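# Analysis of the macromolecular model
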Amino acid sequence: MTEAILLVGGKGTRLRPLTVHTPKPMVRAAGVPFLTHQLARARAAGVDHIVLATSYLAEVFEPHFGDGSSLGLHLEYVTEVEPLGTGGAIRNVADRLHSAPDEPVLVFNGDILTGLDIRALVRTHGTTGADVSLHLTKVTDPRAYGLVPTDETGRVLAFLEKPQTPEEIVTDQINAGAYVFRRSVIDTIPRGRPVSVERETFPELLSAGAHLQGMVDSTYWLDLGTPAAFVRGSADLVLGRAPSPAVPGRCGDRLILPTARVAPDAKLTDGTVVGEGAYIAEGARVSGSTILPGAVVEPGAVITDSLIGTRARVGERSVLTGTVIGDGAIIGADNELRHGARVWCDAKIPAGAVRFSSDQ
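First, a word on what this report is: a plain description of the structure on this page.

Conventions and cut-offs
- Residues numbered from 1 in each chain as written.
- Predicted model: local features only at pLDDT ≥ 70, side-chain atom pairs only at ≥ 80, totals over all residues.
- Heavy atoms only, no water.
- Pairing = 2+ DSSP bridges.
- Helix = DSSP H or I, 4+ residues; strand = E, 2+ residues; numbered from the N terminus.
- Contact = heavy atoms within 4.5 Å.
- Axes fitted to C-alpha atoms, helices over the stretch in contact; angles between N-to-C directions.
- 1 Å grid on protein atoms, 1.4 Å probe; cavity = no way out; pocket = protein on both sides within 12 Å on 5 of 7 lines; lining within 4 Å.
- Points joined across faces, edges and corners; volume = space filled by probe spheres on them.
- Nonpolar A, V, L, I, M, F, W, Y, C, P; charged D, E, K, R; others polar.
- Phe/Tyr/Trp six-rings, centres within 6.5 Å; stacked < 30°, edge-to-face > 60°.
- Lys NZ or Arg CZ within 6 Å of the ring centre and 35° of its normal.
- Salt bridge = Lys/Arg side-chain N within 4 Å of Asp/Glu carboxyl O.
- Buried < 20%, exposed > 50% of the residue type's maximum accessible area, 1.4 Å probe, protein only.
- Expected span 1.5 Å × (residues − 1).

## Brief notes about the sheet that holds strand β12 (residues 254-256)
The strand order across the open sheet formed by six strands is β12-β15-β18-β21-β24-β27, and the pairing between neighbours is parallel. The sheet is open, and its two borders are formed by β12 and β27 (342-343), each paired with just one other strand. With three bridges joining them, β12 and strand β15 (residues 272-274) adopt parallel strand pairing. Looking at the pairing, L255 lines up with V273 of β15. Docked against the sheet, helix α7 (residues 227-239) engages β12, β15, β18 (290-291), β21 (307-308), β24 (324-325) and β27, running at close to 90 degrees with respect to β15.

## Some points on the layout of surface pockets
Empty pockets left among the atoms are what a rolling probe the size of a water molecule brings to light. Taken as a whole, the largest pocket spans an internal volume of roughly 1,300 Å³. Lining the largest pocket are 42 residues; nearest its centre among them are T86, N109, D111, E198 and D223. For the lining of the largest pocket, the secondary structure elements donating two or more residues are α3 (85-92), β9 (173-182), α6 (197-207) and β11 (221-223). Approximately 220 Å³ is the volume attributed to the second largest pocket. Residue lining of the second largest pocket: L18, T22, M26, V27, R28, P33, V60, H64, L292, P293, T310 and D327, and that is the complete set. Class assignment for the residues of the lining of the second largest pocket results in seven nonpolar, three polar and two charged.

## Some details on the packing of aromatic side chains
Describing an aromatic ring pair means giving the distance of the ring centres and the angle of the ring planes. A complete count under the given rule lists six aromatic pairs for this structure. Of the aromatic side chains, those joined through ring pairs into one cluster are F159, Y179, F181 and F202. The residue whose ring lies beneath R261 is Y279, and the NZ or CZ to ring-centre distance is 4.4 Å.

## Observations concerning the pattern of salt bridges
Inspection of the entire model under this criterion finds 18 salt bridges. Between R317 and E316 there is a salt bridge whose closest N-O contact spans 3.4 Å. Residue R317 is classed as partly exposed on the basis of its relative accessible area of 45%. The exposure class of E316 is partly exposed, given its relative accessible area of 33%.

## A closer look at α7
The end-to-end C-alpha distance of α7, which contains 13 residues, comes to 18 Å, matching closely the 18 Å that a straight helix rising 1.5 Å per residue would cover. Extensive coverage of α7 is indicated by the burial of ten of its 13 residues. Among the residues of α7, those classed as buried are P227, A229, F230, V231, G233, S234, A235, D236, L237 and V238. A positive phi of about 85 degrees marks G240, the residue just after α7.

## Quick word on unusual backbone geometry
For residues other than glycine, phi is negative in most cases, and the peptide bonds are mostly trans. Omega for the peptide link from R16 to P17 comes to 15 degrees, which places this bond in the cis form. By secondary structure assignment, the location of P17 is in the loop between β1 (3-7) and β2 (28-29). Unusually for a residue other than glycine, R317 sits at a positive phi of about 65 degrees. Looking at the secondary structure, you find R317 in the loop between β22 (313-314) and β23 (319-321).

## Some remarks on empty space enclosed by the protein
On inspection of all chains with the given rule, the structure shows two cavities of 30 Å³ or more. Going through the elements one at a time, α1 (34-44), β6 (104-109), β7 (112-114) and β9 are the ones with two or more residues in the lining of the largest cavity. The greatest single-element share of the lining of the largest cavity, amounting to five residues, is contributed by α1. Class assignment of the residues belonging to the lining of the largest cavity gives a composition of twelve nonpolar, six polar and one charged. Taken as a whole, the second largest cavity spans an internal volume of roughly 30 Å³.

Here is the structure:
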């Protein structure tokens, strides 16, 4: 197996304001665009040709990654004029593939952080003679996901939409967002219209008697679709809980990028990342958080499980927990923002304007 399709066209609406100026796969996790981790892991598994299916802010990708040679890859870019869904995006880039009809093509989503053994998925595809093989993972609460029950050999039996009642939860296995297609199957996907592989392609293949194989791999897996998940994923990369050869430094409690400045008495813990040109001032405490390039955290601020956008500023003694601060936003001194708060790009919150507790 030498080539893959990477789906990076989504708008990342659940991640806004992080994705106002930046496509989701290009938001920095552990110091580099998240896409870098996926490309590096694919390369380590033996992939050398990847076609990126782009749409939202498509112009951002190629200037950063170029032809992929710096990563040991050959990268190509195909942009959707209108969003085509997962299946439509796969079909839209098929002309760039070099594989023969019976050869495997890896397909993966641009927002999943996983420790999947890619080589094992490809081996499973080959040894079972499947038309499509799917990475499945087990989750404690499957209600938010589509269920994929399999028989004792791993052959897929059905694709079930998000269960609404306890009786509908027939398995804890879910579609984890990585597939190996027989190349000829990709060519059967309708061209030029939106197609969902989850709701249309896979169920229709199953109805037609095709062989869909599931491989359960319950190593690290995280959907980075929400700000809280993205921040956690970045921290897990820094801590070494999630594997990636692209982390720009040694795994540990913190990652400080070149040109970042951190005061000697500032405390950084739990996988915190400080981006290039950022500044963490005296007495600040930052835990499990991502501080993007050029951001400033002023003296005595306390930031936990949060993301501070590029060139944003957090004022003295402000306390942020589980929040996202957009690019260029300014949080004045003595504010208190709690779980779920999102401050939009370039917004300004005056000193002492937002609190959840007494100011005494």
